[in-house]
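For reference, the chains in residue letters:
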Amino acid sequence: MTRIFSGLKPTGHLTLGNYLGALRRWVEVDQHRAEALFCVVDLHALTVEHDPARVRRLSRQAATLMLAAGLDPERCTVFVQSHVDEHARLSYLLECTATDGELRRMIQYKEKGTRAREAGEGVRLSLLTYPVLMAADILAHGADEVPVGEDQTQHVELTRDLAVRFNQRYGQTFTVPRATRPQVAARVMDLQDPGSKMGKSHESGAGIVYLLDEADQVRKKIMRAVTDSGREVRYDRESSPGVANLLEILAACTGGNPGELAAVHQSYGSLKRDTADAVVELLRPVRERHAELAKDSGYVEEVLSAGAERARAAARPRVDAAYAAIGLLPGR
Ligand code: AMP
Ligand code: TRP
């Protein structure tokens, strides 16, 4: 059976980008057709300046939202990365497989490293090694597929390279995974700055729709989205990135096609109204279910604890095999 692994970092409140790029597909498709594991990758939240209480709060919130969005613990495994030692344990072996040159080429390292330096902060070593830990997440679980947004392509490519290299050097150990992306909205852009990704850790929230925003906040943000100085609604990412972004969001919500949706809208105003309505309707059940689940933290904890146990049991033999293959003496 196909195995699927994916994760979300608790570095901020989850956004519409997270939902359309990743979470919605996990719920609607992936958990039904494969042995799937979905993880709050909390160790990855420690790669940049962080506040311990906030990471704890966001980790719980991310897990609750994953369940609220419809991940069903009867169908898939939902857990927290730091509850399963195998990830960090395998990461070290992959650090012995990767080179510093290939990690320094990672776009996210360059961008976030520059940002940290500009803010006068040190760049944590873990920011450089982070994609190796991500590779360990994926390889420890023998995933065939990794459903992610477009921004993660380079990291999944690295994971493939490391798996192939390890297998060539030490014998067949890892499944070589591939990234899968949604057909539309694989890269949802910031509504105020359509040249950059809608990312949860941006300082200003005006261009970001959060999954837990109230309906009128969502509406306001979408109605104020930056479009361009033209009038005609056209689907062209190059010349009209703001309009293209709205069309993709609307297409993702309604199951339509961005080009066809452009043709049926006469003005930016009507496109924005339809998009706002569609997003509000899409997120309403998630927000309602989140409110219910958040009252019952015992339930979420139980799910995470059972999930960690399953994930640990499944990953352990694979990581043990990698330890043996690379030349370490078995413990017993
Ligand atoms: P992160 O928030 O970086 O942990 O991302 C979790 C998942 O959401 C990954 O699969 C990302 O590729 C995806 N994702 C994050 N932001 C966006 C976005 N703006 N558009 C599409 N997918 C996204
Ligand atoms: N790096 C991913 C992101 O920023 C999160 C992540 C960590 C992940 N480990 C993973 C995604 C394993 C998929 C599979 O979004």
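Residues numbered from 1 in each chain as written. Chains lettered and ligands numbered in written order. Predicted model: local features only at pLDDT ≥ 70, side-chain atom pairs only at ≥ 80, totals over all residues. Heavy atoms only, no water.

Asks: Residue-level account of the side chain of Ser 59, with values.
Replies: With respect to the helices and strands, Ser 59 occurs in helix H2 (residues 52-69). Contact partners of Ser 59, with chain neighbours within four places excluded, come to Pro 10, Val 40 and Asp 42. (Helix = DSSP H or I, 4+ residues; strand = E, 2+ residues; numbered from the N terminus. Contact = heavy atoms within 4.5 Å.)

Asks: Tell me about empty space enclosed by the protein, and please be specific about residues and values.
Replies: Taken as a whole, this structure holds two cavities of 30 Å³ or more when the rule is applied. Every residue along the wall of the largest cavity is listed here: Asp 213, Ala 215, Val 218, Val 280, Leu 283, Arg 284 and Arg 287. Mapped by element, the contributors of at least two residues to the lining of the largest cavity are helix H8 (215-223) and helix H11 (268-294). Counting residues per element, the lining of the largest cavity draws most heavily on H11, at four residues. When its volume is computed, the second largest cavity comes out at roughly 30 Å³. In terms of lining residues, the second largest cavity is bounded by Gln 108, Tyr 109, Lys 112, Leu 127, Tyr 130 and His 155. Where the lining of the second largest cavity is concerned, the elements lending two or more residues are helix H5 (107-118) and helix H6 (125-140). Counting residues per element, the lining of the second largest cavity draws most heavily on H5, at three residues. For the lining of the second largest cavity, the per-class residue count stands at three nonpolar, two polar and one charged. (1 Å grid on protein atoms, 1.4 Å probe; cavity = no way out; pocket = protein on both sides within 12 Å on 5 of 7 lines; lining within 4 Å. Points joined across faces, edges and corners; volume = space filled by probe spheres on them. Nonpolar A, V, L, I, M, F, W, Y, C, P; charged D, E, K, R; others polar.)

Asks: Lay out the side chain of Gln 61 in plain terms, naming residues and giving numbers.
Replies: Its place among the elements puts Gln 61 in helix H2. If near-sequence neighbours (up to four positions away) are discounted, Gln 61 is found in contact with His 13, Leu 212 and His 290.

Asks: Describe the environment of Arg 231, naming the residues involved and giving the relevant values.
Replies: Of note, Arg 231 is situated in the loop between H8 and helix H9 (241-254). Expressed as a C-alpha distance, the spacing of Arg 231 and Gly 269, which sit 38 residues apart in the sequence, is 10 Å. Beyond its immediate stretch of four places on either side in the chain, Arg 231 contacts Gln 266 and Tyr 268.

Asks: Help me get a handle on the site of ligand 1, residues and values and all.
Replies: The local shell around ligand 1 holds 18 residues, among which Lys 9, Gly 149, Asp 151, Val 188 and Lys 200 are the closest. Gly 17 places a polar main-chain atom, nitrogen or oxygen, 3.2 Å from a nitrogen atom of ligand 1. Within the side chain of Asp 151, an N or O atom sits 2.4 Å from an oxygen atom of ligand 1. For ligand 1, the protein covers 95% of the area, taking 480 Å² as the surface of the free molecule. Here ligand 1 occupies the largest pocket. Residue assignment for the shell around ligand 1 shows that the elements contributing at least two residues are strand S1 (3-8) and helix H1 (16-33). The element best represented in the shell around ligand 1 is H1, accounting for four residues. (Near = heavy atom within 4 Å. Polar contact = N/O pair within 3.5 Å; in protein donor to acceptor, adjacent residues only side chain to side chain. Areas by Shrake-Rupley, 256 points an atom, 1.4 Å probe, with all protein chains shown as cover. Sits in = over half its atoms within 2 Å of the grid points.)

Asks: Tell me about the layout of surface pockets, residues and numbers included.
Replies: Considered as a void within the structure, the largest pocket measures approximately 1,000 Å³ in volume. Together, 47 residues line the largest pocket, and Lys 9, Gln 108, Asp 151, Gln 152 and Lys 197 are the ones closest to its centre. If you list the elements that add at least two residues to the lining of the largest pocket, you get S1, H1, H5, H6, strand S4 (145-147) and helix H7 (153-170). Classifying every residue of the lining of the largest pocket by side-chain character gives 16 nonpolar, 19 polar and twelve charged. For the lining of the largest pocket, the domains that each give at least three residues are domain 1 (3-181 + 297-326) and domain 2 (185-295). (Domains from an automatic or database assignment.)

Asks: Describe the pattern of salt bridges, and please don't skip the residues or the numbers.
Replies: Oppositely charged side chains are able to pair whenever their charged atoms sit close together. In the structure shown here, the tally under the stated rule is 18 salt bridges. Note that Asp 30 and Arg 33 form a salt bridge whose closest N and O atoms lie 3.4 Å from each other. Highlighted residues: Asp 30 and Arg 33, both in helix H1, separated by three residues, approximately one helical turn. Judged by its relative accessible area of 37%, Arg 33 is partly exposed. (Salt bridge = Lys/Arg side-chain N within 4 Å of Asp/Glu carboxyl O. Buried < 20%, exposed > 50% of the residue type's maximum accessible area, 1.4 Å probe, protein only.)

Asks: Explain the domain arrangement of the chain to me, and be specific about the residues and the numbers.
Replies: The domain boundaries assigned to the chain delineate domain 1 (3-181 + 297-326) and domain 2 (185-295). Taken together, the contact pairs 28 residues of domain 1 with 26 residues of domain 2. Carbon and sulfur atoms supply 68% of the area that domain 1 and domain 2 bury against each other, a total of about 2,300 Å² over both sides. Along the contact surface separating domain 1 from domain 2 lie one salt bridge. Between Lys 197 and Asp 151 there is a salt bridge, with its nearest N and O atoms 2.8 Å apart. Joining domain 1 to domain 2, the criterion identifies five residue pairs in polar contact (both at pLDDT 80 or more). Breaking the side of domain 1 that touches domain 2 down by element, the ones donating at least two residues are H1, H2 and helix H12 (297-325). Counting residues per element, the side of domain 1 that touches domain 2 draws most heavily on H1, which supplies eight residues. A per-class count over the side of domain 1 that touches domain 2 returns eleven nonpolar, twelve polar and five charged. (Buried area = accessible area lost by both parts, 1.4 Å probe.)

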